[in-house]
Amino acid sequence: QQAEANRITATAALEEARATVISANLAREEHLTTHRPRIVVRHIVVQTANNNSSLSIGFTGVNVGAVGGTVGQTSAQLWLPQGWPMPFPPYRDLQVRNTVLGASERDQFVHRVTDQTLVNDYTTRMALGSNIVGTSDIIVIGYIRYKDNLNRERVTGFFRKFNHSIRRFEPVNDPEYEYQD
């Protein structure tokens, strides 16, 4: 009888331990879901290189979230409306990475543009500035694909238009392209 009581007590203790582990795992998952990485894009620049034979698109990815995330892929493309078709992801110069960004950390990402017609068109538009209405738009479009600590994939998309008067790229209010999952 004592052995049976001991077995029942041990079984109850084992079940209680299992329930505690399940509860702790659920609490951890809930914490990681609400305290997640959130990577945003800042400081986009486009620069000419190699005597105007190529361009580089540079941008900063900043983790403004509460925990780290791992960047797995970045992609960016220069888009010049009026004569160029709208690009679809993945954009040119897709880069596969394994970059960990902790909370409040940042990293620089650079993508190359080598299509000479696109490079020449960009150079002309920058020289004309906003003087020629309807032909001077310069857009950088791209995304950062990353994973959180639960291995969930998240994406930050960006769509920035060059403002000739202040000489920088500004977000375009279009949730199809400017978003965070």
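Position numbers for residues start from 1 in each chain and track the written sequence from start to end. Per-residue local features are limited, in this predicted model, to residues with pLDDT of at least 70; the limit for side-chain atom pairs, both in listing and counting, is 80 or more; totals at the level of whole chains, interfaces and linings are taken over all residues. In computing side-chain values, all of the structure's heavy atoms are included and hydrogens and water are not.

Mapped onto the elements, T60 comes out in strand β2 (residues 54-63). A simple rule labels every residue: compare its accessible area, found with a 1.4 Å probe on the protein chains alone, to the largest value its type can have, and call it buried under 20%, exposed over 50%, or partly exposed in between. According to the relative accessible area criterion, T60 is buried, its value standing at 3%. Pairing of N or O atoms within 3.5 Å defines a polar contact, subject to two protein rules: one partner must be a possible hydrogen donor and the other a possible acceptor, and residues neighboring in sequence count only if both atoms are side-chain atoms. In this structure the side chain of T60 is engaged in a polar contact, spanning 2.9 Å, whose partner is the side chain of Q108. It only takes one pair of heavy atoms within 4.5 Å for two residues to be counted as in contact. Among all residues touching T60, those that are not within four sequence positions of it are V40, V41, R42, H43, R106, D107 and Q108. Under the DSSP-based scheme used, a helix requires at least four consecutive residues in state H or I and a strand at least two consecutive residues in state E, with every element numbered from the N terminus.

A few words on the sheet that holds strand β1 (residues 39-49). Within the open sheet, the 3 strands sit side by side as β1-β2-β5. Their pairing is antiparallel. Of all the strands in the sheet, the pair left with one neighbour each is β1 and β5 (106-113). Here the strands of the sheet are splayed against their neighbours by 20 degrees on average, with no regard to which way each runs. Strand pairing is assigned whenever DSSP detects at least two bridges linking the two strands. Axes, fitted as lines to C-alpha atoms, cover a helix only where it is in contact. Angles between the N-to-C directions of the axes lie from 0 to 180 degrees.

This part covers the environment of L94. Relative to the elements of secondary structure, L94 occurs in the loop between β3 (69-79) and β4 (95-101). A relative accessible area of 38% places L94 in the partly exposed class. For L94, the residues in contact, after removing those within four places along its chain, are Q73, T74, S75 and Y143.

Further remarks concern unusual backbone geometry. The phi torsion at S104 lies on the positive side, around 70 degrees, for a residue other than glycine. With respect to the helices and strands, S104 occurs in the loop between β4 and β5. Take S104: its relative accessible area is 60%, and that puts it in the exposed class. Here N151, not a glycine, exhibits a phi torsion of approximately 70 degrees, which is positive. Here N151 is to be found in the loop between β6 (139-147) and β7 (153-163). By relative accessible area, N151 is classed as exposed at 53%.

With 9 of 11 residues buried, β3 is to be regarded as a mostly interior element. Two elements, β3 and β6, share 9 bridges in a ladder whose sense is antiparallel. When the bridges of β6 are listed, Q77 appears paired with I141.

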